Amino acid sequence: MKINISPAPLAEQKKDALIIFYQDAENLLPAGHTALKKAVNDYVAHSAFKGAAGQVAVFPAPPKTAAKQIIVAGIGKAADFHNGLLEQAAGAAVRAGRAAGAKSFSLAAGIKLKGVSETEYHLLAGRGACWGTYEFSTFKSEVKKKGAPTLTLAGPVQNRAAVKHAEAQGAALLNTADLANLPGNEAPPAKIAQWAKAMAKDTGLSCQVLGTAELTKKGCGGILSVAQGSAEAAKMIILKHAGTDKKAPPIVLVGKTVTFDTGGISLKPGKGMGWMRYDKCGGMAVLAAMQMIARMNAKVPVVGILAAAENMPGSRATRPGDIIKAYNGKTIEVLNTDAEGRLVLADALGLAADLKPRAIVDLATLTGAVIAALGSSAAAVLGTDDKLVKDLTEAGAVVGERLWQLPLYQDYSDEMKSDFADLSNLGKSGGAGTATAAAFLKEFVPADIPWAHLDIAGTAWYESPKLHQAPGATLFGARLLAQWIHTL
């Protein structure tokens, strides 16, 4: 979606639809829109629209308005507001407008929303509008193309860079979304590696792919053990953004990229297994974030590592009870082959540590326990550095991707000790699944490197449609990583 800026007032924008936000049933148009505001309020007063979060309504444009339609979008009660609701409202408005035939949209360049700066507003509303245009139609035999939509910010804009960032980040999300939604047969590790190479070439990143031979030579027994039951070879995909400060130590972003997870020999139940094509969402978030970082020309060097493998119960598959050795030399007793994400991440974190980074952040759809704890409202964050965890949480609050910190007590590390190896990949008691998984990962990051782990299993995809997006990948994590990198 192309985002334009126009000095003309909103009522003079000759577009298919104008988007107007409501909070607590209050029209958020700023001063100077008196006639338009009154007309739209009259429409709303005689409708079922109450400004609830995610609620949208489409009306014909009032007289003396150049646009064809008005779309009102609710962001809910002020007491319950978080920034993600604004982005979701913009997405829901565009989706509703597209369904009504609109191709061009406009919204006011500023609104009176407490706690949201103009810069944040442009980023959230612009990026949300871009995301609202997405439809996964790759496998639909009859698809009616709707054409490339546009968004115009009407009125004075103080920070044009924020508008450019919104457009760039929206483009990164849209560019990655189809890959993220592909099923396992269409997106094996090799295809993801191929896609990453092409993307790197387009955005100025460098890309290195380690295959079976290189991973074997390096001793990456974790990822190789996960992939050995599959006909698809594992790939370790390494993307690098040089940054403008080339002497600075890099930030390393690591993404779990299990292209399909059957559970291996510890086979998952058949019901719902089709959703396991989304076990690659940590890597997809890193792919989207790396594009955002490159397009923003971030100062700090950033490395993105995707540990890509398919977990299948083939004749060569790892068995429960097998003992393997990870890249950093630690041995692991595999008690459950469905706890495979931590095995691929163990090697990726070891490779990340070799880069002597400023910090390491990993993202993974790692545990069902985090869904029991937090549902789909927030992702868990655990780490060894309080400032890093705080900075990530604050970045998430700005972009509407909420994080909730869980502890990393020594008790959880003790849970992961094995009687036959250095570690086991499953806790002894079976409790605190998210924390024990993070405690396992902690063993592969040197103590002097700040590290944080984001368990995004509850936020990475939707199984049912939402007003602001269809079922499928959310690319949760990409937005907050880009925001965090931008503030460094």
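Note that the coordinates shown come from a computational prediction; the quantities given were computed from them, not determined experimentally. (Residues numbered from 1 in each chain as written. Predicted model: local features only at pLDDT ≥ 70, side-chain atom pairs only at ≥ 80, totals over all residues. Heavy atoms only, no water.)

## Topic: the pairing of strand E14 (residues 359-364)
Part 1: Of all 6 residues making up E14, 6 are buried, and the element is well covered by its neighbours.
Part 2: Along E14, one buried face is formed by Ala 359, Val 361 and Leu 363 and the opposite face, lined by Ile 360, Asp 362 and Ala 364, is buried too.
Part 3: The pairing of strand E10 (residues 251-261) with E14 spans 5 bridges and is classified as parallel. Paired with Ile 251 across the strands is Ala 359, a residue of E14.
Part 4: In this structure, E14 lies alongside strand E18 (residues 451-455), joined through 5 bridges in parallel fashion. (Buried < 20%, exposed > 50% of the residue type's maximum accessible area, 1.4 Å probe, protein only. Helix = DSSP H or I, 4+ residues; strand = E, 2+ residues; numbered from the N terminus. Pairing = 2+ DSSP bridges.)

## Re the environment of Leu 392
Part 1: If you trace the backbone, Leu 392 turns up in helix H11 (residues 386-399).
Part 2: Residues Leu 392 and Ala 78, 314 residues apart in the sequence, show an inter-C-alpha distance of 24 Å.
Part 3: Not counting the four nearest positions on each side in its chain, Leu 392 is found in contact with Val 361, Leu 403, Ala 452, Leu 454, Leu 480, Leu 481 and Trp 484. (Contact = heavy atoms within 4.5 Å.)

## Notes on the nonpolar core
One recurring pattern in soluble globular proteins: nonpolar side chains tend to sit buried together.
Part 1: Counting residues in each nonpolar core, the largest one holds 66 residues, and the members touching the most others are Leu 253, Leu 287, Val 361, Leu 392, Leu 454, Leu 481 and Trp 484.
Part 2: Beyond its immediate stretch of four places on either side in the chain, Leu 481 contacts Leu 253, Ala 289, Val 361, Leu 363 and Leu 392.
Part 3: In this structure, Val 226, Met 236, Val 344 and Ala 435 belong to the second largest nonpolar core, which totals 52 residues. (Core = buried A, V, L, I, M, F, W, Y, C linked by side-chain atoms within 4.5 Å.)

## Some remarks on the packing of aromatic side chains
Part 1: Enumeration according to the criterion identifies 9 aromatic pairs in this entry.
Part 2: Aromatic pair Tyr 22 and Phe 49: ring centres 5.4 Å apart, planes at 80°, arrangement edge-to-face. Of this pair, Tyr 22 sits in strand E2 (residues 17-23) while Phe 49 sits in the loop between helix H1 (34-45) and strand E4 (56-60), and the two are 27 residues apart along the sequence. Each member of the pair, Tyr 22 together with Phe 49, is buried. (Phe/Tyr/Trp six-rings, centres within 6.5 Å; stacked < 30°, edge-to-face > 60°.)

## Focus on the state of the cysteines
Part 1: Under the definition given, this model contains 0 disulfides.
Part 2: Not part of a disulfide, Cys 207 finds its nearest cysteine sulfur in Cys 220, a span of 16 Å. (Disulfide = S-S within 2.5 Å.)

## Some remarks on the pattern of salt bridges
If the charged atoms of two oppositely charged side chains come close together, the side chains can form a pair.
Part 1: A full pass over the atoms with the stated rule returns 16 salt bridges.
Part 2: With its nearest N and O atoms 3.9 Å apart, the salt bridge here joins Glu 167 to Lys 2. With Glu 167 in helix H4 (residues 160-181) and Lys 2 in strand E1 (residues 2-6), the pair connects residues that are 165 residues apart, well separated along the chain.
Part 3: You can call Glu 167 partly exposed: its relative accessible area is 23%.
Part 4: The partner of Arg 127 in a salt bridge is Glu 87, and the shortest N-O contact between them spans 2.8 Å. Taken together, the positions of Arg 127 in helix H3 (residues 118-131) and Glu 87 in helix H2 (residues 83-99) put the pair 40 residues apart, joining distant regions of the chain. You'll find Arg 127 and Glu 87 in the same group, each marked buried.
Part 5: Within the structure, one salt-bridge network assembled from shared partners comprises Glu 87, Arg 127, Glu 401 and Arg 479. (Salt bridge = Lys/Arg side-chain N within 4 Å of Asp/Glu carboxyl O.)

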